[in-house]
Amino acid sequence: MKKKAWFFVLAILAILYYLSSIPGLRVLPVLSQINSILRTFDMGISRLAAAIAARLPSELGHAQTLSSDFYAYAQRNPVIIEFMLRKAAHVFVFFVITIAFFLLLRHYLHKPWQAILASFAAGTLMAFIDEYHQSLVDGRHGTLVDVGIDMIGVLAATFLLIFSFWLTSQYRSSTNKTISS
């Protein structure tokens, strides 16, 4: 299991390094490539979105108005979609990086809280390193604002881990009370 954890961390860091090294990287062309790959598996993003939309309750009139307003705005200003997707990608990638570090560090640190804190520190460090690396690539900019956005993913993963351990400890304590009764 340690080897898989090491592989997962190294693979995600290699992907991060590769993506951060691409000058002027845009999210929409990447999503287009992912969509074409998914279509080969007959799971196009548009069909998936249509399936999800078909299952939404019909009482979402206000949400539909909001979404149609946003859609009209996005059509007039497509740069906003690219911006939002890029920032969402930052959050997602650093969420995954933090979880990957936790899965690795859990093998080496005996207490889960140590692994959670260490994965938080590792995710934070990687956010700074990645932004510094991007500042060295033509057409890219490393900013502290992006570090802050990366930290949203790191914090979300950290809070998920803390909540998971709290929840399982509550379950174990209630199970132990039932057994000892």
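Presented here is an overview of the structure given in this document. (Residues numbered from 1 in each chain as written. Predicted model: local features only at pLDDT ≥ 70, side-chain atom pairs only at ≥ 80, totals over all residues. Heavy atoms only, no water.)

## Regarding the overall build of the chain
Item 1. Secondary structure summary: the chain contains seven helices and zero strands in total.
Item 2. Secondary structure elements of the chain, listed N to C terminal, follow the sequence α-α-α-α-α-α-α.
Item 3. Expressed as a percentage of the 181 residues in the chain, the buried residues total 27%.
Item 4. Considering only residue pairs separated by 6 or more positions, the chain has 69% of its internal contacts joining residues 24 or more positions apart. (Helix = DSSP H or I, 4+ residues; strand = E, 2+ residues; numbered from the N terminus. Buried < 20%, exposed > 50% of the residue type's maximum accessible area, 1.4 Å probe, protein only. Contact = heavy atoms within 4.5 Å.)

## Here we look at the environment of Leu109
Item 1. Within the secondary structure, Leu109 is located in the loop between α5 (78-105) and α6 (112-135).
Item 2. Look past the residues within four positions of Leu109 in its chain and what remains in contact with it is Gln114, Ala115 and Ala118.

## Structural notes on the layout of surface pockets
Item 1. Here the largest pocket defines a volume of roughly 450 Å³.
Item 2. As for the largest pocket, its lining consists of 21 residues, and the residues nearest its centre are Leu19, Leu25, Ala89, His90 and Val93.
Item 3. For the lining of the largest pocket, the element with the highest residue contribution is α5, accounting for seven residues.
Item 4. Among the residues forming the lining of the largest pocket, the class breakdown is 14 nonpolar, three polar and four charged.
Item 5. Estimated volume of the second largest pocket: approximately 180 Å³.
Item 6. Contributing to the lining of the second largest pocket are Gly24, Leu25, Arg26, Arg86, Lys87, His90, Gln134, Gly139, Arg140, His141 and Asp146.
Item 7. The dominant element in the lining of the second largest pocket, judged by the number of residues it contributes, is α5, at three residues.
Item 8. Here the residues of the lining of the second largest pocket are counted per class, giving one nonpolar, five polar and five charged. (1 Å grid on protein atoms, 1.4 Å probe; cavity = no way out; pocket = protein on both sides within 12 Å on 5 of 7 lines; lining within 4 Å. Points joined across faces, edges and corners; volume = space filled by probe spheres on them. Nonpolar A, V, L, I, M, F, W, Y, C, P; charged D, E, K, R; others polar.)

## What about the side chain of Thr124?
Item 1. Here Thr124 is to be found in helix α6.
Item 2. For Thr124, the residues in contact, after removing those within four places along its chain, are Met151 and Val154.

## Let's talk about a nonpolar patch on the surface
Item 1. Taken together, the side chains of Phe70, Tyr73, Phe83 and Met84 define a hydrophobic patch exposed on the protein surface, amounting to about 370 Å² of accessible area.
Item 2. Residue assignment for the nonpolar patch shows that the elements contributing at least two residues are α4 (61-76) and α5.
Item 3. Along the chain, Tyr73 falls in helix α4.
Item 4. Tyr73 gets classed as partly exposed once you look at its relative accessible area, which sits at 38%. (Patch = residues over 30% accessible without salt bridge, like charges linked within 9 Å, V, L, I, M, F, W, Y side chains within 5 Å. Areas by Shrake-Rupley, 256 points an atom, 1.4 Å probe, with all protein chains shown as cover. Salt bridge = Lys/Arg side-chain N within 4 Å of Asp/Glu carboxyl O.)

## A word on the packing of helix α1 (residues 2-20) against α5
Relative orientation and spacing of two packed helices are given, respectively, by the angle between their axes and the distance between those axes.
Item 1. Interaxial distance between α1 and α5 falls to 9 Å at its minimum, and their mutual angle equals 155°. One way to sum up the angle between α1 and α5 is to call them roughly antiparallel. Between α1 and α5 lies a crossing whose hand is left-handed. Every residue of α5 that contacts α1 at Lys2, Ala5, Trp6, Phe8, Val9, Ile12, Leu13 and Leu16 is listed here: Val93, Phe94, Val96, Ile97, Ala100, Phe101, Leu103 and Leu104.
Item 2. Tallied by class, residues from the contact of α1 with α5 come to 15 nonpolar, no polar and one charged. (Axes fitted to C-alpha atoms, helices over the stretch in contact; angles between N-to-C directions. Parallel < 35°, antiparallel > 145°, perpendicular 65-115°, else oblique. Left-handed = near helix turned anticlockwise from the far one by under 90°.)

## Digging into the packing of α1 against α6
Item 1. Packing of α1 against α6 leaves a shortest axis separation of 9 Å and a crossing angle of 30°. By the angle class used here, α1 and α6 are roughly parallel. Helix-helix and strand crossings are classified by hand; for α1 and α6 the assignment is right-handed. Contacts from Leu13, Leu16, Tyr17 and Ser20 of α1 reach α6 at Met126, Asp130, His133 and Gln134.

## Considerations on α1
Item 1. Counted at 1.5 Å a residue, the expected span for α1 with its 19 residues is 27 Å, and the 27 Å between its end C-alpha atoms agrees.
Item 2. The set of residues buried in α1 consists of Ala5, Val9, Ile12, Leu16 and Ser20. One side of α1 holds all its buried residues, which, seen down the axis, span an arc of 70°. What points out from α1, more than 90 degrees from its buried face, is the exposed set Lys3, Lys4, Phe7, Leu10, Tyr17 and Tyr18.
Item 3. Contacts made by the buried residues of α1 are with α5 and α6. (Expected span 1.5 Å × (residues − 1). Arc of directions from axis to C-beta.)

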